[in-house]
Amino acid sequence: LINRPFETGDIISIQTFRGTVKRINLFQTELNSIDNTRIFVPNLVIWNNALQNYTHNRVRMVEVTLGINHKHSPKDCRAALEAALAREPAILSEPKPFLGIESVAEKATIYLIRVWVKTPEWNRIRYTLLEHLRTELSNRSMAVYDQPIHEQPPAPLSPKPTKKPRSTTPPTSP
């Protein structure tokens, strides 16, 4: 692995394998999965496939979407979301956090929230951010939609059209 796309301690995924690099040798790379299972990946697999290194860069983006009831104004929603973000000191000020309306569904406005954190904080922030957002919205009595929000219910499956039986009598000529 001359290019060194990863080193011991990095978290990588390749094909269906994902884990922390524990050892790199001539023929294989050893990973520990999140549940502490040892995975032996042949280096040939690493050479011949795209590899994702989650810990290579010093900062990463956390992205969350959240549905808030239409009865709340976008201005009030933005204020609540910004207050929740301010509660978490691990969120970096640069690049600036992004808050925007991603879409409008039947029962809620869907907000997209993107923040940047130092890579070692990514996993913790991914989950505590949702907690901060929910708490702030709840404190302001703003309804959050937990269930997937569908614009319209899916159309029912229609039965296959039935074919007319073929006639066994030959057509009559005029």
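Conventions we followed
Along each chain, numbering runs from 1 in the same order as the chain's sequence is written. Local features are withheld for residues below a pLDDT of 70 in this predicted model, meaning they are given only at 70 or higher, and side-chain atom pairs are given and counted only at 80 or more; totals for whole chains, interfaces and linings count all residues. Side-chain calculation: all heavy atoms of the structure are included, whereas hydrogens and water are not. Think of it this way: DSSP has to see at least two bridges between two strands before they count as a pair. Only runs of H or I of at least four residues qualify as helices and only runs of E of at least two qualify as strands under DSSP, and these elements are numbered from the N terminus. The contact rule is simple, with two residues in contact once any of their heavy atoms fall within 4.5 Å. The axes used here are C-alpha line fits, helices contributing only the stretch in contact, and every angle between their N-to-C directions lies in the interval 0 to 180 degrees. Between Lys or Arg on one side and Asp or Glu on the other, a salt bridge is scored when a side-chain nitrogen of the former is within 4 Å of a carboxyl oxygen of the latter. Think of it in three bands: residues with accessible area under 20% of the maximum for their type are buried, residues over 50% are exposed, and the middle band is partly exposed, with areas taken using a 1.4 Å probe on protein chains only.

**Student:** How should the sheet that holds strand β7 (residues 98-104) be read in this particular structure?
**Tutor:** Within a sheet, each strand pairs with its neighbour through backbone hydrogen bonds, oriented either parallel or antiparallel. A sheet is described by the order of its strands in space; here four strands give the open sequence β7-β8-β6-β9, paired in antiparallel fashion. At either margin of the open sheet sits one strand with a lone partner, and together these are β7 and β9 (144-145). As judged from the six bridges shared by β7 and strand β8 (residues 108-118), these two strands associate in the antiparallel manner. Note on β8: the bridge partner recorded for valine 104 is threonine 109. Packing of helix α2 (residues 74-86) onto the sheet brings it into contact with β6 (59-69), β7 and β8, and relative to β7 it is tilted by some 135°. Seen against the sheet, helix α3 (residues 122-139) touches β6, β8 and β9 and runs at an angle of roughly 25° to β6.

**Student:** Would you take a moment to explain the pairing of strand β2 (residues 17-24) for this structure?
**Tutor:** As a general feature of sheets, a regular strand has side chains that alternate between the two faces. Relative to β2, strand β1 (residues 11-14) runs antiparallel, the two being bridged by four bridges. Bridge pairing in β2 links isoleucine 12 to glycine 19. Between β1 and β2, which pair antiparallel one after the other, the connecting turn spans two residues, and glutamine 15 there sits at a positive phi close to 55°. Across four bridges, the pairing between β2 and strand β3 (residues 28-32) is antiparallel. For threonine 20, the partnering residue across the bridge sits in β3 and is asparagine 32. The turn linking β2 back onto β3 is made up of three residues.

**Student:** Would you mind going over the pattern of salt bridges with me for this structure?
**Tutor:** If the charged atoms of two oppositely charged side chains come close together, the side chains can form a pair. Summed over all chains, the structure comprises eight salt bridges. Ionic pairing is found between glutamate 121 and arginine 124, a salt bridge with its closest N-O pair at 2.7 Å. Here arginine 140 ties to glutamate 136 by a salt bridge, and the two come within 2.7 Å at their closest N and O atoms. Residue classification places arginine 140 among the partly exposed positions, given a relative accessible area of 38%. We classify glutamate 136 as buried; its relative accessible area is 9%.

**Student:** What is the right way to read the side chain of asparagine 32 from this model?
**Tutor:** With respect to the helices, strands and loops of the structure, asparagine 32 is situated in strand β3. Ignoring anything within four residues of it in the chain, the contact list for asparagine 32 reads Gly19, Thr20, Lys22, Thr37 and Arg38.

**Student:** Help me understand the sheet that holds strand β5 (residues 51-53), please; the structure alone is not making it clear to me.
**Tutor:** Read from one edge of the open sheet, five strands run β4-β3-β2-β1-β5, paired in antiparallel fashion. Of all the strands in the sheet, just β4 (38-42) and β5 have a single pairing partner and so form its edges. Strand-to-strand twist in this sheet, taken as the mean axis angle between neighbours without regard to direction, amounts to 40°. Looking at chain direction, β3 and β4 are connected through five bridges and run antiparallel.

**Student:** What is the right way to look at unusual backbone geometry in this model?
**Tutor:** Trans peptide bonds make up the majority, and among non-glycine residues the majority have a negative phi. With an omega of -10°, the peptide bond running from glutamate 94 to proline 95 counts as cis. If you trace the backbone, proline 95 turns up in the loop between α2 and β7. With a phi close to 55°, glutamine 15 is a non-glycine residue in the positive phi region. Counting through the fold element by element, glutamine 15 comes out in the loop between β1 and β2. The backbone phi angle of asparagine 36 is positive, close to 70°, even though this residue is not glycine. Tracing the backbone shows asparagine 36 in the loop between β3 and β4. Given a relative accessible area of 59%, asparagine 36 falls into the exposed group.

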